[in-house]
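Now for the letters of each chain:
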Amino acid sequence: MEHRFAVCMTNWLNNYYPRGHIEQIKLEYGIEVLLDNLIKIIVILNFGAVLGILKESLVVWIGFGALRIQAGGYHCNTNIGCWMISIAVVLGGGALAHVNKIPLGVAAVVLLLSVVVAVLYAPSGTTNNPISPQYYKPMKMRSILLILIYLSITIFDTKYGIGKMLAIGTVCEIVSLLPWVNRKYKKKLPSA
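Residues numbered from 1 in each chain as written. Predicted model: local features only at pLDDT ≥ 70, side-chain atom pairs only at ≥ 80, totals over all residues. Heavy atoms only, no water.

### Considering a nonpolar patch on the surface
Condition: Residues enter a patch when their relative accessible area is above 30% and they make no salt bridge; the linking distance is 9 Å between like charges and 5 Å between nonpolar side chains (Val, Leu, Ile, Met, Phe, Trp, Tyr). To be clear on the numbers: accessible area is Shrake-Rupley with a 1.4 Å probe, and residue cover counts the displayed protein chains and nothing else. By convention in these notes, a salt bridge is any Lys or Arg side-chain nitrogen within 4 Å of a carboxyl oxygen on Asp or Glu. Strands here mean DSSP runs of E at least two residues long; helices mean DSSP runs of H or I at least four residues long; both are numbered from the N terminus.
A contiguous nonpolar patch, built from Leu145, Ile149, Ile153, Tyr160 and Ile162 and spanning about 440 Å² of accessible area, is present on the exposed surface. Take the nonpolar patch: its biggest share by element is three residues, from helix H6 (residues 133-156). Counting through the fold element by element, Ile149 comes out in helix H6.

Written out as structure tokens, the structure is:
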């Protein structure tokens, strides 16, 4: 379904801005990935709503996803694997945030340890999505900054617990950076 939609959308866009064959394939793939991710998060968050953990699931997803954009990390080989991991992270993290009252100190320590992991291993690409050398340092800095923002939210938000939910999403993402988890990809450090 996603592939047909991506092909139709690319053909429609070609009426306004013609592209070469390789550019069309890249655009189709990008549309397909975007559509798949939209469907995935809508379905998962709807399950979160049915389970009564929508707010928690949404915050965990935002914490995970925002950091993932900067830090990269492990990617599944199959779409079904990606669905399973996404369900586990978003709904599992949302459920954990809902039922478990994580102490502020624990969340803060976890986020500080996450900064250390980000310093050591972020960003981490994949074979199909390697990190270009010119983006390595800015992505590392943004990853660290984002975790520090999450830490600030955790410390100052004592009423709603949003920082603790962000910490759960952060842990899920940080684990995907660890070399024994993301061993398919050998990160090449930038020269200079």
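### Some points on the pattern of salt bridges
Using the following cut-off: Residue exposure (1.4 Å probe, protein chains only): buried if accessible area is under 20% of the type maximum, exposed if over 50%, otherwise partly exposed.
As enumerated under the stated definition, the model contains two salt bridges in all. Here Lys40 ties to Asp36 by a salt bridge, and the two come within 3.5 Å at their closest N and O atoms. Note that Lys40 and Asp36 are positioned in helix H2 (residues 21-51) at a spacing of four residues, about one turn of the helix. Each of the two residues, Lys40 as well as Asp36, counts as buried. Notably, a salt bridge pairs Glu173 with Arg68, separated by 2.9 Å at the nearest N-O pair. Residue Glu173 is located in helix H7 (residues 162-175), and its partner Arg68 is located in helix H3 (residues 54-71); the two are separated by 105 residues in the primary sequence. Look at Glu173 and you get buried, because its relative accessible area is 0%. Since its relative accessible area comes to 17%, Arg68 is described here as buried.

### Topic: the environment of Ser124
Positionally, Ser124 belongs in the loop between helix H5 (104-121) and H6. For Ser124, a relative accessible area of 5% puts it in the buried group.

### A short note on the packing of H3 against helix H4 (residues 79-99)
What counts here: Lines fitted to C-alpha atoms define the axes here, with helix axes fitted over just the stretch in contact, and angles between the N-to-C directions of these axes take values from 0 to 180 degrees. Between 65 and 115 degrees an angle is taken as roughly perpendicular, under 35 as roughly parallel, over 145 as roughly antiparallel, and anywhere else as oblique. Crossings are sorted by hand: turned counterclockwise from the far helix by less than a right angle, the near helix makes the crossing left-handed, and turned clockwise it makes it right-handed. The contact criterion used throughout is that any non-hydrogen atoms of two residues lie within 4.5 Å. Basically, the charged four are Asp, Glu, Lys and Arg, the nonpolar ten are Ala, Val, Leu, Ile, Met, Phe, Trp, Tyr, Cys and Pro, and anything else, Gly included, counts as polar.
At a minimum axis separation of 8 Å, H3 and H4 run at an interaxial angle of 120 degrees. Compared by their axis directions, H3 and H4 come out oblique. Of the two elements, H3 crosses H4, and the hand of that crossing is right-handed. Across from Glu56, Ser57, Val60, Trp61 and Phe64 in H3, the residues of H4 making contact are Val89, Val90, Leu91, Gly93, Gly94, Ala97 and His98. In the contact of H3 with H4, the residues fall into seven nonpolar, four polar and one charged.

### Remarks on the packing of aromatic side chains
To be explicit about the condition: Whether two aromatic rings pair depends on their centres lying within 6.5 Å, for rings of Phe, Tyr and Trp, where Trp uses its six-membered ring; planes under 30 degrees apart make the pair stacked, over 60 edge-to-face, and the rest tilted.
Counted according to the given criterion, the structure contains one aromatic pair. Seen in terms of ring centroids, Trp12 and Tyr16 are 5.2 Å apart; in terms of plane orientation they differ by 70 degrees. Their pairing is edge-to-face. Look at Tyr16 and you get exposed, because its relative accessible area is 62%.

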